[in-house]
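# Remarks on the overall topology
As a plain string of letters, each chain reads:
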Amino acid sequence: MGFLTGKTAIITGGGRAVLSNGECGSIGYGIATAYAKEGANLVVTGRNVQKLTDAKEELEKKYGIKVLPVQADVSASADNEAIVQNVVKQAIDTFGRIDVLINNAQASASGVTIADHTTEQFDLAVYSGLYAAFYYMKACYPYLKETKGSVINFASGAGLFGNFGQCAYAAAKEGIRGLTRVAATEWGPDGINVNVVCPLAWTAQLEKFEQAYPDAFKANVKKPPMGHYGDVEKEIGRVCVQLASPDFKYMSGETLTLEGAMGQRP
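The structure displayed is predicted, hence computed values, not measured ones. (Residues numbered from 1 in each chain as written. Predicted model: local features only at pLDDT ≥ 70, side-chain atom pairs only at ≥ 80, totals over all residues. Heavy atoms only, no water.)

## A word on the sheet that holds strand 5 (residues 150-154)
- Overall, parallel pairing links the seven strands, which are arranged 3-2-1-4-5-6-7 in an open sheet. Here the strands that pair on one side only, and so sit at the sheet edges, are strand 3 (67-71) and strand 7 (255-258). Averaged over neighbouring strand pairs, the angle between their axes works out to 15 degrees when direction is ignored.
- As paired strands, strand 1 (residues 8-12) and strand 4 (residues 100-103) are joined by three bridges and run parallel to one another. What sits directly across from Ile11, in strand 4, is Ile102.
- Sheet strands in contact with helix 1 (residues 27-37) are strand 1, strand 2 (41-46), strand 4, strand 5 and strand 6 (193-199), and its direction is about 170 degrees off that of strand 1.
- Across the sheet, helix 3 (residues 80-95) is in contact with strand 1, strand 2 and strand 3; its angle to strand 3 comes to roughly 160 degrees. (Pairing = 2+ DSSP bridges. Helix = DSSP H or I, 4+ residues; strand = E, 2+ residues; numbered from the N terminus. Axes fitted to C-alpha atoms, helices over the stretch in contact; angles between N-to-C directions. Contact = heavy atoms within 4.5 Å.)

Quick look at the structure:
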């Protein structure tokens, strides 16, 4: 156990997904695993109840922490403020505090050009990503102020570099980066640091894509100069642990590209 023992982290999109070899297979679950190893109690949200239940069972069994799974899906047709308030209320009722908020959940219709993008597809990305980050940050703020906590938001190289066919996803992610910078300015006096991570990691989704469409995978997914894709727990989750540590408290409003040197593209 580590410095997060007794503290509480909310991780959106934190359901259990695994690779074919049984290792962590999603960024949210990789973060949850890294935080569990440091002793944090977790609130994990997502759309898939089974994945949330699986996360609870495995993380509690392996690391002796408590996990609260809450189904939550921010979308264009939902009462999103009520959905998020319910997550936060359950977190406080169960653990009494919130120390870290990690906005990781995101859905999108990638591969569709701007000219062919529908309003529904655009809404999917903006609501699940940007609006979700806004609602969670707003709802968690009073509790993060009490604990002088940390916020870690997830953006993407798609927004930084304008990836083809990812207009809504890129727009949502760049909106999140702007929201993060404003929060860093406004919440700095409260002792809350707010940062952005842009990751490139090997996930179950990428693995399935490679297996189903090997030619398309080869054409569109480039290996980073470091020679491998990031490990969701060790190279993404562990950085998220550090961003909530006392050593990195002075860092706020920054964007970290964890992309194995692909983040240095001009």
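## A look at the packing of aromatic side chains
- For the structure shown, the criterion picks out five aromatic pairs.
- Ring geometry for Phe134 against Tyr135: centres 5.3 Å apart, planes inclined by 55 degrees, an arrangement best described as tilted.
- With a relative accessible area of 34%, Phe134 lands in the partly exposed category.
- Take Tyr135: its relative accessible area is 16%, and that puts it in the buried class. (Phe/Tyr/Trp six-rings, centres within 6.5 Å; stacked < 30°, edge-to-face > 60°. Buried < 20%, exposed > 50% of the residue type's maximum accessible area, 1.4 Å probe, protein only.)

## What about the environment of Ala32?
- Tracing the backbone shows Ala32 in helix 1.
- Distance in space between the C-alpha atoms of Ala32 and Glu235 is 13 Å, their sequence separation being 203 residues.
- Excluding anything up to four places from it in sequence, Ala32 contacts Ile11, Leu42 and Leu59.

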